[in-house]
Amino acid sequence: MKFNPIPSLFLLVCLAAVPALAQDAPPPAADAAADSMSATANVPEVEELEWGDYTVKAYTLTVWGGGFSGATYLDNAPLGERTVLTDGAGDILGYDGEVLEESTPRYADFYDAARKEIKSGDSFGARIGIYIADDFHLDLMGSYATGEAVTSMLYTEDPVNAPNRSERVVVDVDPGFKVYRGGLALMYNAHPAEFFGIVPRLGFGLGGIINRYSELADKTALYLEGNFGLNYEIFKDVEIGAQVDLTSFAFEVDELGYSNMVNYTTYSVGLSWFIDRVPEQVRAAHIAERD
């Protein structure tokens, strides 16, 4: 039997090639580590935002209830003995759109000095505060109030024998009078004046107001407003507050043909929820730097 050297030579060549292949191929773990380092090197570093990078620092949501003072928008003086009114000059418009009979010349000796006023009533509303700095915030506000519109006149029962004995009586009422108000106010939390945890708030605002009767046309106007409040934190991010708003606007009076300046005062008590937009560590760093 002849010996065939070819299979033996082939086996020897294969055995010699194995170490060379092992040296040329990198281990799998090394490949994974290299790929990970390359990917990390290509990802840009994320820059941490600081206090000044946040345009809006926080929000507050406030709901409140209270009352408003009402106001007088027509107050005629008693007519003098020699006063002469032309036809229709003394007419007083009723809340149904018709002239009140008591204001016509037929009853001129008995009724005089008409007064129109809005009686005090309940008020409700909400505010959304947008903090643009530590203590300054813009408040978007909307409110609703109900009351009565009342017309009264001086009544003289016996104008001949007792002309100076008069009493004021109600001659017309609109029980469905309402006030809608919406606007924007810049508020300041006066932390330097804080006492026993109570923080005073001062503000100034403007907006629009709608005085709505049951039947008469609405009386609308732009208003200016001053605000003063006191807030106290009862839980984390929850405050209770009391506020007074003085609203001044021009009330159009039909009988005069022009507008009278009128002031409503609103008293309210409400709850506020603080919603932070700045990360806790950023706010803490800012407070530490500020203090």
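As shown above, the structure is provided for reference.
Since we're looking at a predicted model, the values are computed, not measured. (Residues numbered from 1 in each chain as written. Predicted model: local features only at pLDDT ≥ 70, side-chain atom pairs only at ≥ 80, totals over all residues. Heavy atoms only, no water.)

Participant: Explanation requested: the overall build of the protein in the structure shown.
Facilitator: A tally of regular secondary structure across the protein gives three helices and ten strands. The N-to-C order of helical and strand elements in the protein reads α-α-β-β-β-β-β-β-β-β-β-β-α. Of all 291 residues assigned to the protein, the portion counted as buried reaches 32%. For the protein, the proportion of contacts with a sequence separation of at least 24, taken over those separated by at least 6, is 66%. Summed over all atoms, the accessible surface of the protein reaches about 18400 Å², with 60% contributed by carbon and sulfur. (Helix = DSSP H or I, 4+ residues; strand = E, 2+ residues; numbered from the N terminus. Buried < 20%, exposed > 50% of the residue type's maximum accessible area, 1.4 Å probe, protein only. Contact = heavy atoms within 4.5 Å. Areas by Shrake-Rupley, 256 points an atom, 1.4 Å probe, with all protein chains shown as cover.)

Participant: Can you help me understand helix α3 (residues 280–290) in this one?
Facilitator: Owing to its 3.6 residues per turn, the α-helix aligns residues three or four sequence positions apart on the same side. All of the buried residues along α3 are V282, R283 and H286. The arc that holds the buried residues of α3, viewed along the axis, is 95 degrees, so those residues lie on one side. Along α3, exposed side chains directed more than 90 degrees from the buried face belong to E280, Q281 and A288. For α3, the secondary structure elements touched by its buried residues are β1 (58–68) and β10 (258–276). (Arc of directions from axis to C-beta.)

Participant: Sorry, what's going on with the packing of aromatic side chains here?
Facilitator: Two measures describe an aromatic ring pair: the distance that separates the ring centres and the angle between the ring planes. Enumeration over the complete set of coordinates arrives at eleven aromatic pairs. Between the aromatic rings of Y107 and Y111, the centroid separation amounts to 6.3 Å while the plane-to-plane angle is 70 degrees, which identifies the pairing as edge-to-face. Take Y107: its relative accessible area is 23%, and that puts it in the partly exposed class. The interplanar angle of 35 degrees and the centroid separation of 4.9 Å between the aromatic rings of F136 and Y188 together place this pair among those described as tilted. Taken together, the residues span a long stretch of sequence, with F136 in strand β5 (residues 136–156) and Y188 in strand β6 (residues 166–189) at a distance of 52 residues. An aromatic cluster is built from F68, Y73, F249, F251 and Y264, whose rings are joined through pairwise contacts. (Phe/Tyr/Trp six-rings, centres within 6.5 Å; stacked < 30°, edge-to-face > 60°.)

Participant: Sorry if this is basic, but what is going on with the side chain of D135 here?
Facilitator: The residue D135 is located in the loop between β4 (121–131) and β5 in this model. Given a relative accessible area of 16%, D135 falls into the buried group. Here the side chain of D135 touches H191 through a polar contact of 2.7 Å, side chain to side chain. When residues no more than four places from it in sequence are discounted, the contact partners of D135 are M187, Y188, N189 and H191. (Polar contact = N/O pair within 3.5 Å; in protein donor to acceptor, adjacent residues only side chain to side chain.)

Participant: What's the story with the pairing of β10 in this structure? I'm lost.
Facilitator: In regular strands, side chains alternate between the two faces of the sheet. Sheet topology note: the β1/β10 ladder contains eleven bridges and is antiparallel. Counted as the bridge partner of A58 is D276 from β10. Pairing of strand β9 (residues 238–253) with β10 involves 16 bridges; the strand directions are antiparallel. Of the residues in β10, the one forming a bridge with V253 is Y258. (Pairing = 2+ DSSP bridges.)

Participant: Is there a simple way to explain unusual backbone geometry in this structure?
Facilitator: Among all residues except glycine, the phi angle is most often negative; among peptide bonds, the trans geometry is most common. For A113, which is not a glycine, the phi torsion comes out positive at approximately 55 degrees. Within the fold, A113 resides in strand β3 (residues 111–118). Even without a glycine there, the phi angle at F196 is positive, about 50 degrees. Accessibility expressed as a relative area gives 78% for F196, which makes it exposed.

Participant: Even after reading the chapter, I still don't get a negative patch on the surface, so can you show me in this structure?
Facilitator: A surface patch of like charges, here negative, comprises E48, E50, D53 and E289. Within the secondary structure layout, E48 lies in the loop between α2 (28–42) and β1. (Patch = residues over 30% accessible without salt bridge, like charges linked within 9 Å, V, L, I, M, F, W, Y side chains within 5 Å. Salt bridge = Lys/Arg side-chain N within 4 Å of Asp/Glu carboxyl O. Lys, Arg positive; Asp, Glu negative; His and termini not counted. Charge placed at Lys NZ, Arg CZ, Asp CG, Glu CD.)

Participant: Help me understand the nonpolar core in this model?
Facilitator: The nonpolar side chains of a soluble globular protein tend to be buried, and buried together. If you look at the biggest cluster of nonpolar residues, it comprises 27 residues, and the most contacted ones within it are Y73, Y213, F249 and Y264. Looking at this core, the elements that each hand over two or more residues are β2 (71–75), β3, β5, β6, β8 (219–235), β9 and β10. A total of four residues in this core trace back to one element, the largest contributor, which is β5. Among residues more than four places away in sequence, those in contact with F249 are I209, N211, A221, L222, Y223, N260, M261, V262 and Y264. (Core = buried A, V, L, I, M, F, W, Y, C linked by side-chain atoms within 4.5 Å.)

Participant: So what exactly am I meant to see when it comes to the pairing of strand β7 (residues 198–212) here?
Facilitator: In this structure, β6 lies alongside β7, joined through twelve bridges in antiparallel fashion. Residue pairing for β7: R181 is matched across the bridge by I209. Across 14 bridges, β7 lies against β8 in antiparallel orientation. Pairing of V199 across the sheet is with N231, part of β8.

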